[in-house]
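Survey of secondary and tertiary structure
Here's the letter readout for the chains.
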Amino acid sequence: MTFPLSGVRSFPNLWKCSPYFGLSPGHSYFFLTDYCGVRNQQRWFSLKRMSPQSTKATNVPIAKARYLRKGEEGSNKQMSFDSPHLFAAGAAKRRSQMNPQSKDHVLSPVKNSSIQLPEKPLDSKEWDKLKEDFQGKANFENWISSQMARCHSPINVAKSLLAWVAAKNNGIVGYNLLVRYLYLCVFHKQTSEVIDVYEIMRARYKRLESGGYSLLIRGLMHSDRWREAVMLLEDIKKVMTPSVKNYNDCIQGALLHQDVNTAWNLYQELLGHDLIPMLETLKAFFDFGKDIKDDHYSKKLLDILLYLRNNQLYPGESFAHSIKTWFESVPGKQWKGQFTTIQKSGQCSCCGKTIESIHLSPEEYEFLKGRIIRDVIDGGDQYKKTTPQELKRFENFVKSCPPFDIVIDGLNVAKMFPKARESQVLLDVVSQLAKQNLQLLVLGRKHMLTQRFRWRKDEMEKVQKQASCFFADDISEDDPFLLYATLNSGNHCKFITKDLMRDHKACLLDIKTQRLFFKWQQGHQLAIINRFPGSKITFQHILTYDTVVQTTGDSWHIPYDEDLVERYSYEVPTKWLCLHQKT
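Residues numbered from 1 in each chain as written. Predicted model: local features only at pLDDT ≥ 70, side-chain atom pairs only at ≥ 80, totals over all residues. Heavy atoms only, no water.

1. Points about the pattern of salt bridges
Oppositely charged side chains can pair when the atoms bearing their charge come close. Overall, the coordinates contain 27 salt bridges when judged by the stated rule. Among the ionic pairs, K159 bridges to E193, the shortest N-O distance being 3.6 Å. Of this pair, K159 sits in helix 4 (residues 155–168) while E193 sits in helix 6 (residues 191–204), placing them 34 residues apart in sequence. Take K159: its relative accessible area is 12%, and that puts it in the buried class. For E193, a relative accessible area of 11% corresponds to the buried category. Note that E199 is salt-bridged to R225, the shortest N-O span being 2.7 Å. Here R225 lies in the loop between helix 7 (210–220) and helix 8 (226–237) and E199 lies in helix 6, a separation of 26 residues in the sequence. (Salt bridge = Lys/Arg side-chain N within 4 Å of Asp/Glu carboxyl O. Helix = DSSP H or I, 4+ residues; strand = E, 2+ residues; numbered from the N terminus. Buried < 20%, exposed > 50% of the residue type's maximum accessible area, 1.4 Å probe, protein only.)

2. Structural notes on the packing of helix 9 (residues 244–256) against helix 11 (residues 279–289)
In contact at an axis separation of 9 Å, helix 9 and helix 11 are set at 10° when each is read in the N-to-C sense. Between helix 9 and helix 11, the interaxial angle falls into the category roughly parallel. In this structure, helix 9 uses N248, I251, Q252 and L255 to contact helix 11, whose residues at the interface are E280, T281, A284, F285 and F288. Class assignment of the residues belonging to the contact of helix 9 with helix 11 gives a composition of five nonpolar, three polar and one charged. (Axes fitted to C-alpha atoms, helices over the stretch in contact; angles between N-to-C directions. Parallel < 35°, antiparallel > 145°, perpendicular 65-115°, else oblique. Contact = heavy atoms within 4.5 Å. Nonpolar A, V, L, I, M, F, W, Y, C, P; charged D, E, K, R; others polar.)

3. Structural notes on the sheet that holds strand 6 (residues 440–445)
One open sheet holds the five strands; their spatial order is 7-6-5-8-9, and the pairing between them is parallel. On the outer flanks of this sheet lie strand 7 (468–472) and strand 9 (525–526), each paired with one strand and no other. Note that strand 5 (residues 406–409) and strand 8 (residues 494–496) share three bridges and pair parallel. Bridging across to strand 8, V407 finds its partner in F495. (Pairing = 2+ DSSP bridges.)

4. Here we look at the pairing of strand 14 (residues 575–581)
One face of the sheet, then the other: side chains in a regular strand alternate in exactly this way. Pairing analysis gives six bridges linking strand 4 (residues 335–340) to strand 14, with the strands arranged antiparallel. The residue bridging K336 from the neighbouring strand is H580, located in strand 14. As paired elements, strand 13 (residues 555–560) and strand 14 share six bridges and run antiparallel to each other. Across the sheet, S555 pairs through a bridge with H580, a residue of strand 14.

5. Examining the confidence of the model for the protein
Per-residue confidence for the protein gives a mean pLDDT of 81, with 79% of residues at or over 70. Here residues 1–82 scores under 50 on pLDDT; set against residues more than four positions off or in separate chains, the count is 180 contacts. Confidence over residues 101–112 falls short of pLDDT 50; this stretch has nine contacts with residues more than four positions distant or in other chains. (pLDDT = per-residue confidence, 0-100.)

6. Here we look at the packing of helix 4 against helix 5 (residues 175–187)
For the pair helix 4 and helix 5, the least separation of the axes is 10 Å and the interaxial angle reads 165°. Put simply, helix 4 runs roughly antiparallel to helix 5. At the point where helix 4 passes helix 5, the crossing takes the left-handed sense. Counted together, I155, A158, K159, L162 and V165 of helix 4 and L177, Y181, L184 and C185 of helix 5 form the full contact between these two elements. Residues that form the contact of helix 4 with helix 5 fall into these classes: eight nonpolar, no polar and one charged. (Left-handed = near helix turned anticlockwise from the far one by under 90°.)

7. Structural notes on the environment of F288
Tracing the sequence through the fold places F288 in helix 11. C-alpha of F288 to C-alpha of W326: the two residues are 38 residues apart in sequence and 9.0 Å apart in space.

8. Some words on the packing of aromatic side chains
Going through the model one piece at a time under the given rule, you end up with 27 aromatic pairs. The cationic tip of K168 hangs over the ring face of W164; the distance from NZ or CZ to the ring centre is 3.8 Å. For the cation-ring pair, K512 lies above F367, with the distance from its terminal atom to the ring centre recorded as 4.6 Å. (Phe/Tyr/Trp six-rings, centres within 6.5 Å; stacked < 30°, edge-to-face > 60°. Lys NZ or Arg CZ within 6 Å of the ring centre and 35° of its normal.)

9. So, the nonpolar core
With 89 residues, the main nonpolar core has W127, I144, L182, M201, F285, L305 and I323 as its most contacted residues. The dominant element in this core, judged by the number of residues it contributes, is helix 5, at ten residues. Apart from residues no more than four positions distant in its own chain, W127 is found in contact with P118, L122, F140, I144, M148, V157, S160, L161 and W164. (Core = buried A, V, L, I, M, F, W, Y, C linked by side-chain atoms within 4.5 Å.)

10. Regarding the pairing of strand 13
Most of strand 13 sits out of view: six of its six residues are buried. Here strand 13 shows two buried faces, one formed by S555, H557 and P559 and the other by W556, I558 and Y560. Taken together, the two bridges between strand 12 (residues 550–551) and strand 13 define a ladder with antiparallel strand orientation. Opposite Q550, over in strand 13, you have H557 as the bridge partner. Once strand 12 ends, the chain turns through three residues before running back antiparallel as strand 13, passing G553 with a positive phi of about 100°.

11. Remarks on helix 7
Counting buried residues in helix 7 gives nine out of eleven residues, a clear majority hidden from the surface. Every buried residue belonging to helix 7 is among G211, G212, Y213, S214, L215, L216, I217, G219 and L220, and all of these are buried. Its side-chain oxygen 2.8 Å from the backbone nitrogen of G211, E209 forms the N-cap of helix 7. (Polar contact = N/O pair within 3.5 Å; in protein donor to acceptor, adjacent residues only side chain to side chain.)

12. Some thoughts on the environment of F404
Structurally, F404 is set in the loop between helix 15 (388–399) and strand 5. In this structure, the C-alpha to C-alpha distance between F404 and L440, residues 36 residues apart in sequence, is 5.7 Å. Aside from chain neighbours lying at most four places away, what touches F404 is Q439, L440, L441, S468, S489, H492 and C493.

13. Observations regarding the side chain of T547
Among the structural elements, T547 can be located in the loop between strand 11 (538–540) and strand 12. Those residues in contact with T547 that sit more than four places away from it in its chain are Y314, P559, V572, P573 and W576.

14. Regarding unusual backbone geometry
Positive phi, normally seen in glycine, also occurs at D274, with a value near 60°. As for its placement among the helices and strands, D274 is situated in the loop between helix 10 (260–272) and helix 11. Taking relative accessible area as the criterion, D274 reaches 70% and is therefore assigned exposed. The phi torsion at Q312 lies on the positive side, around 50°, for a residue other than glycine. Relative to the helices and strands, Q312 is located in the loop between helix 12 (295–310) and helix 13 (317–329). The class for Q312 is buried, based on a relative accessible area of 18%.

15. Here we look at a negative patch on the surface
Taken together, the side chains of D123, E126, D128 and E132 present a region of like negative charge at the surface. Within the secondary structure, D128 is located in helix 2 (residues 124–133). We classify D128 as partly exposed; its relative accessible area is 32%. (Patch = residues over 30% accessible without salt bridge, like charges linked within 9 Å, V, L, I, M, F, W, Y side chains within 5 Å. Areas by Shrake-Rupley, 256 points an atom, 1.4 Å probe, with all protein chains shown as cover. Lys, Arg positive; Asp, Glu negative; His and termini not counted. Charge placed at Lys NZ, Arg CZ, Asp CG, Glu CD.)

Here it is as structure tokens:
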């Protein structure tokens, strides 16, 4: 039996054998688990096209994301007021560019790189010839269909592959090839083709694996059969919790077809599973809300903003525009939105209102202090690198000293400038801070006291005269000591290290404590920008305000991610949407 090239609508003719109610075994669905994030997939093969094709650079431009550091060189100021803070979005990316650790990884040559993906449908003889040229150990049909999916080949080319396979196998196309064809149909938004494949799968298979369900749900959401996507979601729930992407697709399908109640019900169900909704899901509710004049719907949108606050989530730039548009569309409220920044004083550059402080309340501070001592210091893994006796010796040492103003990770600070002598760097930092009559604690290792090229004994003696010092065993971990001393000294105490403490944050067992730790860290961690011989060391400023969604009733301030800025999970946005009611 030959496979008709006119379209998939003849697919049912392929299934004249007895239906198989099960899954084809041993298949790898490489593109199913993350089909929504194809642009981030790594190319495993280097494939040549039969016709020339222009390519675009895949790296996102970051020129607009860079901050200008004015007057840093030769500056005698202790604080730099023109540089971003340590946790500003894009700061880690800039640091990595200034201090490259390694060259870009180059993929090794791949076998079969001479195999060219066709850009037009092939007939049977042409597919036979292409298979003859294939020299890999893998199954040719699986390999070529895999690469076509990765490279998003045209639908008609994929059809010709399936026709060739069907002609050789008595009209049978295996599940693996069929689901890859489905992926291409979904990617190219060929809804009618998706429906045809759906009919075939529904007739042939009693149930699918999660990737197949996900593709069908996404493909059906744009059609008038979108409710069947919700039915597929119910099928998934019989064996597992649907993914966030599954819920997102069903919610967007419901909103697309004006079924608001189904969309909100699915949203509440998603939250009930303790899943974090995709930001595009939340954006869809705001986009839909522009056409609804309903106080109940408006309240639900404000609840979404509070959800962003409570979970420290940040909308993207497009989502922020949707929020702004919705607020300004609310009749009779006279909301006005502007995109802005927050001054270092914590005041909004647009409306002048003061943003919430970064500092913890006394109750929050005591709660965090107790949790860190319990989960990180007493319950962490520090005993793998130190002893209970040494930790006890340190606790007694801290109790015998007055509260510190700044705790310094001595070894970490000393290694911040590799070309400089380590003991000299540490001495420069301590000497500058000691002139301000600050109570200092330097944490170090015992080897720092031994005379050697990078550690001069006379310089270390000067350090010890200007600061309290505790030198642990060389195998000990510094961070638990630093956290204990800083927290035990009180909420005023700052600490200096370039370590971002992500491992210790992970030791905290609940989300609330992790967020409190990050908030405390942003308001207490000092970072050194530069050091020039004969001049003062420059520190980055510490945030004074909390980067979370917040409201005063007649105003909202919403931090958002810029499209061109790569923000790491331990960074916070620097751009804000200011919404206020006109008076």
